[in-house]
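# Examining the three-dimensional arrangement
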Amino acid sequence: GMMAESVAHDFVANFINEAVSPYFVVQEGMKRLVAAGFEKQSEREEWVLEYGKSYFFTRNGSALVAFSVGGKFKPGHGFTIVGTHTDSPHLRVKPRSAISKGGFLQVGVETYGGGLWHTWFDRDLTVAGRVILRRDEDQLETALVHIKRPILRIPTIAPHLHREVREAFKFNDETHLLPVLATAIKGELEGCTGGAHHPVLIDLLSHELNVDPSAIVTFDLAVVDTQPAVIGGAREEFIFSGRQDNLISSFCALRALIDSQKSLAEDPCVRVLVMFDHEECGSQSTHGAGSTLLQEVIKRVTEAFMDNSMTKREDLFARAFRSSFLISADLSHALHPNYTEKHEARHQPEMHRGPVIKYNANQRYATTDMTSTIVKELARRRDIPIQEFVVRND
């Protein structure tokens, strides 16, 4: 009750409205870790770690790993891990985005992940992401940018011009899903055309970053909504927001790792939070869940505590892997009151009925009878109700 409300308010007031793209999710996570006394590490350096201490590092600025070493940890002991992801379906600005058509300046975008793209029409949109800047002849640096005001919109066609739009709203992802940036009359700056991006877009970014437009080398920008997330519903029981998949799991896991520091001294394991990128498109990048990222963490932390007498390194690594437990934390779909037939009759997760364990015989989820029993047992000891879900066969 009260705990859930307080976490939800923290999430909406202090996290999700800033965490608009994976780079910003990681930045917001890092702020909290630093405030909680976690020490930053680099994957390029040797790790000198201590028992009972907490650390974090990032990969590509879009994946985040935080870990706390138990006071009673020994090499070969297990790691207790929660895995989440930082990305959500969105539109991304193309490498050459300048489009001029019908007296308008538009921004070419690429669809990322399996988004419900019709919901992006008629929204007040902007951009956020990472920019690479040239400081001088030899020095490049990165900066994050988030333009807070609405600069883009994807307008729906009026029914007067396209009668079929009332029956079924069909559109082409390449030609119709194009945000409008400005009119050509207002948007074309003096003598600046023909670049990869509209000068007016570069101008907005340089103004936000307080740099000269010529300093912008390249960027990785997401199109994002400007409407802030809110707590809603008659009884204020809902979070109205995009990106809940998977920022809710990421935030809760982050809070859990930070809030549980006081019991660390007695822990024989290493507690790990790993927030991967690229879940929405298959996890196959160097910073996705399909990479060696997590294996490297387990090996490097185990090795950091080995002394010279421990000659069976691979044996200790193998023991550490097999003694570990990972919860893959993502969101589940609650029963939709307007589409109740879409859920399997005996597996209908409902609001207020507790966390959901997802099952799949073809191993699309990692759950087994053994792992689900462990989670259910933990829940039973804390009086937490558990629900179960499978996808319909059809």
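Note that the structure is predicted; figures quoted are calculated from it, not measured.

The next subject is the sheet that holds strand β9 (residues 180-183). Either a parallel or an antiparallel arrangement is found when strands of a sheet pair, and the pairing is made through backbone hydrogen bonds. Pairing is antiparallel in the open sheet, where six strands are placed in the order β8-β7-β10-β5-β6-β9. Edge strands, defined here as strands with exactly one partner in the open sheet, are β8 (139-146) and β9. Recorded for the sheet is a direction-independent mean angle of 30° between the axes of neighbouring strands. Helix α4 (residues 199-209) contacts β5 (90-101), β6 (104-112), β7 (125-136), β8, β9 and β10 (216-225) of the sheet and is inclined by roughly 95° relative to β10.

One open sheet holds the six strands; their spatial order is β1-β2-β3-β13-β4-β14, and the pairing between them is mixed. Because the sheet does not close on itself, it has two edges, and the strands there are β1 (39-40) and β14 (325-328). As paired elements, strand β4 (residues 79-85) and strand β13 (residues 270-276) share seven bridges and run parallel to each other. Considered in β13, the bridge of Thr84 is made with Met275.

Next up on the list: the packing of aromatic side chains. As enumerated under the stated definition, the model contains 14 aromatic pairs in all. Among the aromatic residues, those joined into a ring-pair cluster are Trp47, Tyr55, Phe57 and Phe67. The aromatic ring of Tyr112 is capped on one face by Arg92, whose charged end is 5.2 Å from the ring centroid. The aromatic ring of Trp47 is capped on one face by Arg300, whose charged end is 4.1 Å from the ring centroid.

With that out of the way, let us pick up the environment of Arg96. Along the chain, Arg96 turns up in strand β5. Sequence-distant contacts of Arg96, that is, excluding residues within four places in its chain, are made with Gly195, Ala196 and His197.

A few words now on the packing of helix α1 (residues 2-14) against helix α5 (residues 244-259). It is at 11 Å that the axes of α1 and α5 come closest, and there the two elements cross at 115°. When the axis of α1 is compared with that of α5, the two are roughly perpendicular. Taken as a pair, α1 and α5 cross one another with a handedness that is right-handed. Only Leu247, Ile248, Phe251, Cys252 and Arg255 of α5 make contact with α1, whose side of the interface consists of Met3, Val7, Asp10 and Phe11. In terms of residue class, the contact of α1 with α5 is built from seven nonpolar, no polar and two charged.

Our next topic: the pattern of salt bridges. In total, this model carries 23 salt bridges according to the counting rule given. Arg59 is the salt-bridge partner of Glu43, the closest N and O atoms lying 2.7 Å from each other. With a gap of 16 residues between them, Glu43 in the loop between β1 and β2 (54-59) and Arg59 in strand β2 connect regions that are remote in the sequence. Bridged by salt links that share partners, the residues Asp10, Arg32, Arg255 and Asp259 form one connected network.

Scoring rules and cut-offs
- The numbers attached to residues start from 1 for each chain and follow its sequence in the written order.
- Two thresholds apply to this predicted model, a pLDDT of at least 70 for residue-level local features and 80 or more for giving and counting side-chain atom pairs, whereas whole-chain, interface and lining totals are computed over all residues.
- For the side-chain quantities, the full set of heavy atoms in the structure was used; hydrogens and water were omitted.
- What makes two strands pair is DSSP finding at least two bridges between them.
- Numbering of helices and strands starts at the N terminus; helices are DSSP runs of H or I of at least 4 residues and strands are runs of E of at least 2.
- The angle between two axes is taken between their N-to-C directions and runs from 0 to 180 degrees, where each axis is a line fitted to C-alpha atoms and a helix contributes only its stretch in contact.
- Contacts are residue-level and defined by heavy atoms, with any inter-residue pair within 4.5 Å sufficient.
- The aromatic pairing rule takes the rings of Phe, Tyr and Trp, using the six-membered ring of Trp, and pairs them if the centres are within 6.5 Å, calling planes under 30 degrees apart stacked, those over 60 edge-to-face and the rest tilted.
- Ring-over charges, as used throughout, are those where CZ of Arg or NZ of Lys falls within 6 Å of the ring centre and within 35 degrees of the ring normal.
- Any angle that falls under 35 degrees is termed roughly parallel, while one over 145 is termed roughly antiparallel, one within 65 to 115 roughly perpendicular, and all others oblique.
- For any pair of crossing helices, the crossing counts as left-handed if the nearer helix is rotated counterclockwise from the farther one by less than a right angle, and right-handed if it is rotated clockwise.
- Residues were grouped as follows: Ala, Val, Leu, Ile, Met, Phe, Trp, Tyr, Cys and Pro as nonpolar; Asp, Glu, Lys and Arg as charged; and all remaining residues, including Gly, as polar.
- By definition, a salt bridge exists where a carboxyl oxygen of Asp or Glu is found within 4 Å of a side-chain nitrogen of Lys or Arg.

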